[in-house]
Amino acid sequence: MLQSLLLILWLVFGIMAVSGLFYKNHYDNQVLGVTLSPEHAQFPEVEEIVKRFQKACYAVLLLSIGLSLLMLAQMFGAYAEFYMVVLVMVNFFANWFIIHRYQQKLLALKKEKAWTYPRKRVVAVDLNVAKEKGRSSFSAVWSWLFLGLSFGPAVFLMLYPESQAFYPIGFSLIGPLCQLGPIYLYYQMRTRHTPALSDNTEINKACARTEERVNTMAATLSALALLTFWILLNISIVYLKNGLAVALAAFILVVALLIIANWQQEKIRAVENRFFGAISAGGGDIFETGSTWKWGCYYNPSDYRIIVPKRMASMVWTLNIGRPAGKAIGLGMLVSLLVLTGIIGAVLYGGSKDYRITANGSAIMIDAAMYDLTLEKDQVVSVSTIDDIPAGIRTNGYGGVNKSFGHFAIDGYGKCMLYVYNQVDKYIVLQLAGNDPGYVIVNDKSPEKTEQLYQTIRQWLDE
């Protein structure tokens, strides 16, 4: 389990490093989010700043990997989940700080060199191009088909209800819910603005048709990548029951999305160079864009798009928070993030809190964060000990490196409540009247303490 956490951490660190390094490329007249012409981007001072930025990204990656190895030490391993979250937050902040710092260095250099560009551009509108919308797009049938296929796990659970003891049907609906995102993205890409830089309407229309095809294909491929991830995730959970397989599925998704985004950016660039090469290559096509970005999001009330490409190559898309719908979606995402943070915080708190099992009169009480349990004597059919817990799946609970508690489905036992320290190979099994849950499995911090707890429970039952 600890090795799986390390691999997941390294995956996160690697993705953050790769994402940061994309910023160093000169693309769409920008370096590190700062508008620069191709000539200015080749100045030695700019190249030196970019090299130092690159070294800083590698330094953060190596330092983060080094710090993650401390999880193997006993004093840090006991709080592996907490330490993992802290490392991810620190790594995220460090990458953000590096990008911000070197952006400021480039802006200072730009001011010192007096490199200025126009702040506004007049966008030519060709009404004939608008009439072409939707005629050349990649078929929407594929995105809707992928949505239908994402219901596969839910259909499986309905056909085999006994499997719901191991895999809640509510969880199986997360995939279809997420699959709605690429569908929305598809229609946004189909109506995406296409530049009309030529006086020749036929050239503008040809470019619009080609870009529409590329954009909608990118959205469709993103939907396929998400569906692939969802299928691999379900296979990993239901059949393989392996954390490494889950991490591999996430890695495949992230890599696929980065490849798709990079392909889309390069393809669009090639299309515009093919149709408008002489026009778009001119120096007058360089404009300041910083005023249309706030808090890392695109802000342009006059732009009808809700989802827009990020200003960096291969950085996928972001919201236009200048539009009411963009604000609503952004607020919803923020609220969801806060709720998720609260849930993670509560679970991590439970992971660090010791269980307290006390017998009081006719009841035995188990104190565990969010999963407290009280058992009456007449509920307990028998009590025994085992040295190993069969394979199973967590249905609603916490399964960390050191502890597991909450609702589980265990092979041979069915629905169980677990309150166990994973490193202790001795467990107390309380069989209950009924089957929801049918068993409560507990232990203490050592085999000796577990044996003492077992004797205490037996004595409580005999009283």
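Above this text you will find the structure in question.
Now for a description of the structure that goes with this document. Small disclaimer: the values here were computed from a predicted structure and weren't measured.

Examining the overall build of the chain
Step number 1: Each helix and strand counted, the chain has 13 helices and 15 strands in total.
Step number 2: Counting only residues that meet the buried cut, the chain has 43% of its 463 residues in that class.
Step number 3: With the model as given, the accessible surface of the chain reaches about 24200 Å², and the carbon-plus-sulfur share is 63%.

Side note on the sheet that holds strand β8 (residues 363-367)
Step number 1: Here 3 strands make up an open sheet; going across it, the order is β7-β8-β9 and the pairing antiparallel. The open sheet has two edge strands, β7 (356-360) and β9 (373-376), and neither has a second partner. When the angles between neighbouring strand axes are averaged without regard to direction, this sheet yields 15°.
Step number 2: Bridging between β7 and β8 involves 5 bridges; their strand directions are antiparallel. Paired with A359 across the bridge in β8 is I364.
Step number 3: Packed on one face of the sheet, helix α13 (residues 447-462) meets β7, β8 and β9 and runs near 145° to β8.

Topic: the sheet that holds strand β13 (residues 414-421)
Step number 1: The strand order β10-β14-β15-β13-β12-β11 describes an open sheet built from 6 strands, whose pairing is mixed. Each edge of the open sheet carries a strand with a single partner, namely β10 (380-386) and β11 (392-399). Going across the sheet, the axis of each strand differs from the next one's by a mean of 20°, ignoring polarity.
Step number 2: Sheet topology note: the β11/strand β12 (residues 403-410) ladder contains 7 bridges and is antiparallel. Across the sheet, residue G397 finds its bridge partner in β12, namely G406.

Some remarks on unusual backbone geometry
Step number 1: Phi at A114 takes a positive value of approximately 60°, unusual for a residue other than glycine.
Step number 2: When its relative accessible area of 55% is taken as the criterion, A114 is described as exposed.

Things to note about the nonpolar core
Step number 1: Judged by nonpolar contacts, the single largest core of 24 residues is most densely connected at Y419, I428, L430, V440, V442 and I457.
Step number 2: At the level of secondary structure, the elements contributing two or more residues to this core comprise β8, β9, β10, β13, β14 (427-432), β15 (439-442) and α13.
Step number 3: Look past the residues within four positions of I428 in its chain and what remains in contact with it is V383, S384, T385, V440, I441, V442, T450, L453, Y454 and I457.
Step number 4: Residues V31, I99, L109 and W115 belong to the second largest nonpolar core, which totals 21 residues.

With respect to a nonpolar patch on the surface
Step number 1: A contiguous nonpolar surface patch, about 730 Å² in accessible area, is contributed by F151, V155, F156, M158, L159, Y160, I169 and L173.
Step number 2: One can find I169 in the loop between α8 (152-159) and α9 (174-190).

Quick word on the packing of helix α7 (residues 141-149) against α9
Step number 1: One way to put it is that α7 packs onto α9 with a least axis distance of 9 Å and a crossing angle of 175°. Between α7 and α9, the crossing angle belongs to the class labelled roughly antiparallel. Of the residues in α9, those in contact with S143, W144, F146 and L147 of α7 are P176, Q179, L180, I183, Y186 and Y187.
Step number 2: When grouped by side-chain class, the residues that make up the contact of α7 with α9 number 8 nonpolar, 2 polar and no charged.

Topic: the packing of aromatic side chains
Step number 1: The final tally for this structure, using the stated rule, is 11 aromatic pairs.
Step number 2: Taken together, Y355, Y371, F405, Y419 and Y421 form an aromatic cluster joined through their ring pairs.
Step number 3: For the cation-ring pair, K403 lies above Y355, with the distance from its terminal atom to the ring centre recorded as 4.5 Å.

Re α8
Step number 1: Of all the positions in α8, only P153, A154 and L157 are classed as buried. Along the long axis of α8, the arc covered by the buried residues comes to 100°, so they all point the same way. Seen from the open side of α8, the exposed residues pointing more than 90 degrees away from its buried face are M158 and L159.

Things to note about the environment of E463
Step number 1: Checked against the element boundaries, E463 lands in the segment after α13.
Step number 2: Look at E463 and you get exposed, because its relative accessible area is 63%.
Step number 3: Here the alpha-carbon distance between E463 and S362, two residues 101 residues apart in the chain, equals 9.0 Å.

Regarding helix α3 (residues 44-68)
Step number 1: Look at α3: 36 Å from first C-alpha to last across 25 residues, which is about the 36 Å you get at 1.5 Å a residue.
Step number 2: Among the residues of α3, V46, I49, V50, F53, A56, C57, V60, L61, S64 and S68 are the ones counted as buried.

Regarding the pattern of salt bridges
Step number 1: In the structure shown here, the tally under the stated rule is 4 salt bridges.
Step number 2: We note a salt bridge from E48 to R52, for which the minimum N-O separation is 3.8 Å. You can see E48 and its partner R52 sitting in helix α3, 4 residues apart, about one turn around the helix.
Step number 3: By relative accessible area, which is 40% here, E48 ends up partly exposed.

Description of the side chain of T450
Step number 1: Relative to the assigned elements, T450 resides in helix α13.
Step number 2: Aside from chain neighbours lying at most four places away, what touches T450 is V424, K426, Y427, I428, N443 and D444.

Describing the environment of L173
Step number 1: Tracing the backbone shows L173 in the loop between α8 and α9.
Step number 2: With 23 residues separating them in the primary sequence, L173 and S150 have C-alpha atoms 8.4 Å apart.
Step number 3: Ignoring sequence-local partners within four residues, the contact set of L173 consists of F151 and A154.

Definitions and limits used
Residues numbered from 1 in each chain as written. Predicted model: local features only at pLDDT ≥ 70, side-chain atom pairs only at ≥ 80, totals over all residues. Heavy atoms only, no water. Helix = DSSP H or I, 4+ residues; strand = E, 2+ residues; numbered from the N terminus. Buried < 20%, exposed > 50% of the residue type's maximum accessible area, 1.4 Å probe, protein only. Areas by Shrake-Rupley, 256 points an atom, 1.4 Å probe, with all protein chains shown as cover. Pairing = 2+ DSSP bridges. Axes fitted to C-alpha atoms, helices over the stretch in contact; angles between N-to-C directions. Contact = heavy atoms within 4.5 Å. Core = buried A, V, L, I, M, F, W, Y, C linked by side-chain atoms within 4.5 Å. Patch = residues over 30% accessible without salt bridge, like charges linked within 9 Å, V, L, I, M, F, W, Y side chains within 5 Å. Salt bridge = Lys/Arg side-chain N within 4 Å of Asp/Glu carboxyl O. Parallel < 35°, antiparallel > 145°, perpendicular 65-115°, else oblique. Nonpolar A, V, L, I, M, F, W, Y, C, P; charged D, E, K, R; others polar. Phe/Tyr/Trp six-rings, centres within 6.5 Å; stacked < 30°, edge-to-face > 60°. Lys NZ or Arg CZ within 6 Å of the ring centre and 35° of its normal. Arc of directions from axis to C-beta. Expected span 1.5 Å × (residues − 1).

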